[in-house]
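# Observations on the three-dimensional arrangement
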Amino acid sequence: MDTPSPPADGPPVDAFSNAFHVYETRTDGTRLFYYGVPLDTADSVERQLWPLFRDHGYEVTLTQQTGEHVLVAEPHTSGSRGFPWTNVLMALLTILSTLYAGTAWYYIDITQNPLDLVQALPFALAILGVLGVHEFGHYAMSRYHGVDASLPYFIPFPTLIGTMGAVIRMRGRMPDRKALFDIGVAGPLAGLVAAVVVTIIGLYMDPVTAPAAVLNDPGSVQIRFNNPLILELIATAVGRPLEYADPAMSVNPVVMGGWVGFFVTFLNLLPVGQLDGGHLVRSMLGERQETLAALVPAVLFGLAGYLYYFHASSNAAGIWFFWGLFSMGIAYAGPAHPVHDDPLDTKRIAIGVLTFVLGLLCFTPVPIEFL
């Protein structure tokens, strides 16, 4: 029987006949399909063929279609795919939404002059700077390891800070645990550095004073953001106050950028699914990560129940109940699975443990209270 001809630019079938016996090849646009019989387990076949297909500019996955085994090869790229119009548009909208949210923090009335919106620029830059540095940490390390990833997508939303955060889209497979770890840890560590810098800058900026009309309004709702230990430590280290004796005065809203950065760092380090913490634990513990991930929703539901019944913090209980549900969903979706699953080196494991310790310093059980 004649050996099937390889698709254009694809590796020749004879080059991997010891792992996958090919009896038919097809193409669909830029994708290549090799139909055949695997001569080992799916994971083993993918590990053997990954370098060969990468050398030819493809990422390969072994799957099944209508009962047939097929190697699906898609073009590999870790660079630009044209001008990122969607990313730019979402970033511009998020700048506007965070500027608008910032007017409340600075007590700016834009009904008379909408251009006063720009006075909230320090707040917007603090929020977007911290979130952006976090995501660009992931992006830069993805490029370093040759993993296909998008630029950050900022998410505009009418919240107290004007955004729901930012994300990047990972399109490529993780080649090994080292890449999974490096990409996962880069975001939290970069974001923490940015949050510390923003916090220090904000603490040295002038505090804001609430107008008398706001203080004397009996129908107004006061919102208190409780500080994590890391924020208290920074304020103590630089000798600047986080609270003032005058109830009308509060720290500059730029400090809120640091608070958001710390809170986001803690949430992302939850060791579940494809959150940053899930990536780290998967790379550090291997398949045992799924056992740990199964405990995360229970812990969050337990925290929500405790706060609801014993702390009179129903709003904080709602936050952790939501994250309990969210963690169940991403735990069910499962973690990333690197092609090569060799154990991590001791240096990376130590960095991972340190990152989780820093994440715990970012935790506060009652982050927000409505007074």
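This write-up is about the structure you can find in this document. Along every chain, residues carry numbers that run from 1 in the direction the sequence is written. Local features in this predicted model are restricted to residues of pLDDT 70 or higher, and side-chain atom pairs are both shown and tallied only at a pLDDT of 80 or more, whereas totals for entire chains, interfaces and linings draw on every residue. Derived side-chain values reflect all non-hydrogen atoms in the structure, with water molecules and hydrogen atoms excluded from consideration.

## Things to note about the side chain of H279
Short version of the rule: Going along the chain from the N terminus, every DSSP run of H or I of four or more residues is numbered as a helix, and every run of E of two or more is numbered as a strand. Only protein chains enter the accessibility calculation, which uses a 1.4 Å probe; a residue is then buried when its area is under 20% of its type maximum, exposed when over 50%, and partly exposed in between. Whether two residues touch is decided by their heavy atoms; if any such pair falls within 4.5 Å, the residues are in contact.
Position of H279 among the secondary structure elements: in helix α8 (residues 276–285). Assessed through its relative accessible area of 8%, H279 is described here as buried. What H279 contacts, discounting residues up to four positions off in sequence, is L180, G184, G273, Q274 and A336.

## Quick notes on the pairing of strand β5 (residues 153–156)
The test is simple: DSSP calls a pair of strands paired once it identifies at least 2 bridges connecting them.
Examined bridge by bridge, β5 and strand β6 (residues 163–167) share three bridges and lie antiparallel to one another. What sits directly across from P156, in β6, is T163. Linking β5 to β6, which pair antiparallel, is a turn of six residues; within it G162 sits at a positive phi near 85°.

## Overview of unusual backbone geometry
Excluding glycine, residues mostly have negative phi values, and the peptide bonds linking residues are mostly trans. Residue T66 is not a glycine yet carries a positive backbone phi of 50°. Counting through the fold element by element, T66 comes out in the loop between β3 (58–65) and β4 (68–75). Looking at T66, the relative accessible area reads 80%, which means it is exposed. At Y107, a residue that is not glycine, the phi angle is positive and equals roughly 55°.

## Section: the sheet that holds β4
Basically, it comes down to this: To get an axis, fit a line to the C-alpha atoms, keeping to the stretch in contact for a helix; angles then go from 0 to 180 degrees between the N-to-C directions.
Taken together, the four strands give an open sheet; going across it, the order is β1-β2-β4-β3, and neighbouring strands pair in antiparallel fashion. Two strands lie at the open edges of the sheet, namely β1 (20–28) and β3, each paired on one side alone. The sheet shows a mean angle of 25° between the axes of neighbouring strands, taken without regard to direction. Inspection of the sheet shows β1 paired to strand β2 (residues 31–38) by eight bridges, in the antiparallel sense.

## Side note on the side chain of S97
Definition in use: Two N or O atoms form a polar contact when they lie within 3.5 Å of each other; inside protein one atom must be a possible hydrogen donor and the other a possible acceptor, and for residues adjacent in sequence the pair counts only when both atoms belong to side chains.
Note on placement: S97 falls in helix α2 (residues 85–105). At 3.0 Å, the side chain of S97 and the backbone oxygen of T94 are in polar contact. Setting aside chain neighbours within four positions, we find S97 in contact with P156, F157 and G162.

## Remarks on helix α11 (residues 346–361)
Stated precisely, the cut-off is as follows: To estimate how far a helix should reach, multiply one less than its number of residues by 1.5 Å. Working definition: the arc comes from the directions between the helix axis and the C-beta atoms, pointing outward to the latter.
The end-to-end C-alpha separation of α11 is 23 Å, in line with the 22 Å expected for 16 residues at 1.5 Å each. Of the residues making up α11, those classed as buried are R348, G352, T355 and G359. Projected down its long axis, α11 shows its buried positions confined to an angular sector of 60°, all on one face. In α11, those exposed residues whose orientation departs by more than 90 degrees from the buried face are T346, K347 and L360. Among the structural elements, α4 (177–204), α7 (254–268) and α8 are those in contact with the buried residues of α11. The residue sitting at the N-terminus of α11 and contributing the capping side-chain oxygen is D345; that oxygen lies 3.3 Å from the backbone nitrogen of K347.

## Describing the nonpolar core
Rules: Among buried residues, those of type Ala, Val, Leu, Ile, Met, Phe, Trp, Tyr and Cys that are joined through side-chain atoms within 4.5 Å constitute a nonpolar core.
Counting 58 residues, the largest nonpolar core has W259, F262, W320 and W323 as the members making the most contacts within it. Looking at this core, the elements with two or more residues in it are α2, α3 (121–144), α4, α6 (229–238), α7, α9 (289–310) and α10 (314–333). The biggest single contributor to this core is α7, with nine residues. With sequence-adjacent residues up to four places away left out, W320 is seen in contact with F263, F266, L267, L300, L303, A304, L307, F363, T364, P365 and P367. With 16 residues, the next largest nonpolar core counts V22, L32, L49 and Y58 among its residues.

## Some words on the environment of Q48
Tracing the backbone through its elements, the reader meets Q48 in helix α1 (residues 42–55). With relative accessibility at 37%, the residue Q48 sits in the partly exposed group. Sequence-wise, Q48 and I161 are 113 residues apart; in three dimensions their C-alpha atoms are separated by 48 Å.

## Thoughts on the pattern of salt bridges
Counted only if it meets this: Note on definitions: salt bridges are taken to be side-chain nitrogens of Lys or Arg within 4 Å of carboxyl oxygens of Asp or Glu.
The final tally for this structure, using the stated rule, is nine salt bridges. Its salt-bridge partner being R282, residue D341 comes within 3.0 Å of it at the nearest N-O pair. Pair noted here: D341 is in the loop between α10 and α11 and R282 is in helix α8, with a separation of 59 residues, a long-range link. One salt bridge connects D345 with R348, and the closest N-O pair in it is separated by 2.8 Å. Overlapping salt bridges, with partners in common, bring together R177, R282, E287 and D341 in one network.

## Thoughts on the packing of α4 against α7
For clarity, the threshold we go by: Each angle is binned into one of four classes, with values under 35 degrees roughly parallel, values over 145 roughly antiparallel, values of 65 to 115 roughly perpendicular, and all other values oblique. Rotating anticlockwise by less than a right angle from the far helix to the near helix defines a left-handed crossing, while the corresponding clockwise rotation defines a right-handed one.
Running from amino to carboxyl end, α4 crosses α7 at an angle of 155°, the nearest separation of the two axes being 7 Å. Classified by the angle their axes make, α4 and α7 are roughly antiparallel. α4 and α7 meet at a crossing whose hand is left-handed. In this structure, α4 contributes P188, L192, A195, V196, V198, T199, G202 and L203 to the contact, and α7 contributes V254, V255, G257, G258, G261, F262 and T265.

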